[in-house]
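Report on the structure
Take a look at the letters that make up each chain.
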Amino acid sequence: MDNPVSFERRARIGIITIDSPPVNALGHAVRVGLVAALEEAGRDPQVEAIVLNSAGRIFTAGADIREFGKPSQAPTLPEVIAAFDRSAKPIVAALHGTALGGGLELPMGCHYRVALAGTKIGLPEVKLGLLPGAGGTQRLPRLTGAERALDMIVTGNPVEAAEALELGIVDAVYPDGIALDAALDFIEKTGVDKLTATPVSSRTDRIANTDPAVFAAARAKLAKEKPNLFSPQRCVDAVEAAVQFPFTEGLARERALFQECMASPQRAGLIHAFFGEREVAKIPSLPAGTPLRKVEKVGVIGAGTMGSGIAMCFASAGIPVTLVDAKPEALQAGLANVRRTYEGNAKKGRISAEEAERRIALVQPAESVDALSDADLVIEAVFEDMELKKKIFAALDRVCKQGAILATNTSTLDVDAIAEATSRPQDVCGMHFFSPANIMRLLENVRGEKTSDDVIATIMDVARRIGKVGVLVGVCYGFVGNRMLHQRGREAMSLVEEGAAPEQVDAVLKGFGFPMGHFAMSDLAGVDVGWRIRQERRKAGAPDAIAPNWLDRIAELGRYGQKTGAGIYRYEQGDRTPRPDPEVAKILEDYRREAGIAPRPIDDQEILERCLYAMVNEGARILEEGVALRAVDIDVIWLHGYGFPAYRGGPMFWADQVGLGKIHDTLVALHDKTGEPHWKPSPLLERLAKAGQTFASL
Ligand code: 3H9
């Protein structure tokens, strides 16, 4: 492989260039190259100042994350940065695109930094369960003061170049052009002789008078907002060390804390989540170079909450949408929702008022599907009624141009049966958005039996264009996410039937890291929604239909959840906090008595195992059937659609950490005890457990 770092001299300036696509990560070869180039610059008597820059669209994305967990190879990143820090010749880093993590720590080891406008600059390590481990926690406070550094390091959020200038992270911002030219201009304007090789590490002016209260406040805030996370608290410890100790000691403290984070299971889970999000975009079965269909005009049918939310996904990406609803009042309500949302975004300063108007104008109303004759992609989002959907697809078949992609947003119905209502099943697929569609990042793209490869490639690309995490799934009831949720729901209901309180089940799931418990989520989504689905499943004689239970009783009483002020919990006026309700306790008591169930105390461990192992077993079945391509696809669905805690990596990754042998044995014990068929371990889980393997090994 070519050397990813090159050196050249232009007159009195030595230029070091990193060129390591795709993101100039600072892997071993780059680190070796950087040290060699710096030595060459140091040796060359004609070089008076040095520029560090890089090729491509990203300055550098930081340390090479793929090296984590492997033995480190010298020179390490801190060693490379130390060499830059002590260079006798002044070094100017030329930033463009993105400078993140080690990709900012390295420039902070230089003596000056210039950036092109718009460059994103930050230390996002905390999002990977880490802290900046190459001097970032020691040098950033020396540039910005401890308080701002703490904020950037603990949130991991980057700032743009203009703000970085205000904060003191960079010394100059250039409007556009080439970063190298900007650095050369900076040197020329300053004068080579005037540049000094004063390292950031030697500065103390910005941290000298730090109020120790900022650390206590940061710790208290984290304990409240992110009680389960390990690395944010270590970030605070490391920044505190910057103000408490001389640089070298602070650096040693940072290193020790970094190693603690590196060894934590949260780091492994978060890095799995990072790569998983990128992995799901790759569909191994698609032939290389599968062409993409053009998607420039979109139609959405159904102007309800879902349909108008989907329309906004496209409008936000600058793609015009025709929103169709046969009922004029529904159409007006949908458009009003679009307007309200965008105007609200503008009010909160998330977008400009002009941008809000531009997006609103991109959504055009129509009362008939006839308006969709030139749409490239149509997404149907009417309510779950097979006959209605078939009618709509037959109409689309008549109206839409050849090559248009016809997608259904169904969450429960058979995409293949819908496709059969058209003469072009190869163009039909599912695009299952999650509510609220304009906010939730997950998109289950459903491949029907006859969906063509180019349709699959196109909808995966569409997901990327509208900022969603698209995951390809096959046809089955509930696809991947809801099918597994159904298992968790059944267990949660059974646990309450047997004696647990709904709030106990929810507390266990929240303690595990879900943002809300199962029953609080039911109240949010509407208890009637699950009730109707259960009734349909019973009517259809589905093998996994759940027998009538206490939750049906709650729905029968009109307690539909937040929207009716009471559901499984009670709610106070204008407050969404779920509060345990004595009336529900009474309903449960009566229900158990009538059903002849003697309630028993249930411990938290049993709740956790039954809720989650049921999901893992279903996930294994889903994998076996090929409904999900890989275990990581299931993980990503749960991370982005259902709030599975990212630091646990997703249900299948988590199961691997627990040990498939242990899960298998618990499933067998539950099956022996209850005789319930759903507790029978799936053949895949059984095979992996017996071979001592993991889902990741598949
Ligand atoms: C760190 O620096 C630790 C130090 O403090 C201490 C060390 C001692 N390494 O996201 P994309 C891959 S921790 C390896 O699709 P975009 C990525 O997987 C690091 N690979 O592009 C993908 O591969 P593939 C702190 C990386 O334009 C390809 O590059 N830094 C890395 O949408 C393209 O990525 C971060 O946390 C990496 N560091 O977004 C930044 N980064 O094609 C992490 C990316 O095989 N990176 N890849 O699927 C990002 O946030 C985004 O990638 C970035 C570009 C915004 C840079």
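Residues numbered from 1 in each chain as written. Predicted model: local features only at pLDDT ≥ 70, side-chain atom pairs only at ≥ 80, totals over all residues. Heavy atoms only, no water.

Of note, N53 is situated in strand β3 (residues 49-54). Judged by relative accessible area, N53 falls into the buried class, the value being 7%. (Helix = DSSP H or I, 4+ residues; strand = E, 2+ residues; numbered from the N terminus. Buried < 20%, exposed > 50% of the residue type's maximum accessible area, 1.4 Å probe, protein only.)

Under the counting rule described, the total for this entry stands at twelve aromatic pairs. Between Y112 and F186 the ring centres are 5.7 Å apart and the planes differ by 55 degrees, which places this aromatic pair in the tilted class. Separated by 74 residues along the polypeptide, Y112 in strand β6 (residues 112-116) and F186 in helix α7 (residues 179-190) bring together distant segments of the chain. An aromatic cluster is defined as three or more aromatic residues linked by ring pairs; in this entry it consists of F434, F512, F514, Y613, W638, Y642, F644 and W654. A cation over a ring is seen here: R537 above Y477, with NZ or CZ 3.3 Å from the ring centre. Against the face of F512 rests R648, its NZ or CZ located 4.1 Å from the ring centre. (Phe/Tyr/Trp six-rings, centres within 6.5 Å; stacked < 30°, edge-to-face > 60°. Lys NZ or Arg CZ within 6 Å of the ring centre and 35° of its normal.)

Following the UniProt record, one finds the feature "domain: 3-hydroxyacyl-CoA dehydrogenase C-terminal" (unreviewed entry) at residues 478-571 and 607-693. Counting secondary structure, residues 478-571 comes out at 61% helix and 0% strand; the distance between its end C-alpha atoms is 30 Å. (UniProt positions renumbered as here; feature names shortened; annotations may be inferred.)

As a further point, take the state of the cysteines. Here a disulfide denotes one covalent bond, and it connects the sulfur atoms of two cysteines. Tallying each qualifying case throughout the model produces zero disulfides. Left unpaired, C476 is separated from the closest cysteine sulfur, that of C429, by 16 Å. (Disulfide = S-S within 2.5 Å.)

This part covers the site of the ligand. Around the ligand sit 28 residues, and of these R57, E105, E125, R278 and K282 come closest. With respect to the ligand, the backbone of G102 contributes an N or O atom lying 2.9 Å from an oxygen atom. Burial of the ligand by the protein chains amounts to 77% of its free accessible area of 1,000 Å². The class makeup of the residues in the shell around the ligand is 16 nonpolar, four polar and eight charged. (Near = heavy atom within 4 Å. Polar contact = N/O pair within 3.5 Å; in protein donor to acceptor, adjacent residues only side chain to side chain. Areas by Shrake-Rupley, 256 points an atom, 1.4 Å probe, with all protein chains shown as cover. Nonpolar A, V, L, I, M, F, W, Y, C, P; charged D, E, K, R; others polar.)

Where helix α24 (residues 604-625) contacts helix α27 (residues 660-674), the two axes come as close as 11 Å, and the packing angle between them is 105 degrees. The orientation of α24 relative to α27 falls into the category roughly perpendicular. Two secondary-structure elements touch here, α24 through E609, R610, Y613, V616 and N617 and α27 through K662, I663, T666, L667 and L670. Looking at the contact of α24 with α27 residue by residue, the class counts come to five nonpolar, two polar and three charged. (Axes fitted to C-alpha atoms, helices over the stretch in contact; angles between N-to-C directions. Parallel < 35°, antiparallel > 145°, perpendicular 65-115°, else oblique. Contact = heavy atoms within 4.5 Å.)

Now for helix α14 (residues 353-361). Along α14, the positions that sit buried rather than exposed are E355, A356, R359 and I360. Buried residues of α14, viewed axially, fall in a sector of 135 degrees; they line one side. Its buried side turned inward, α14 meets α12 (305-316), α13 (328-347) and β12 (363-366). (Arc of directions from axis to C-beta.)

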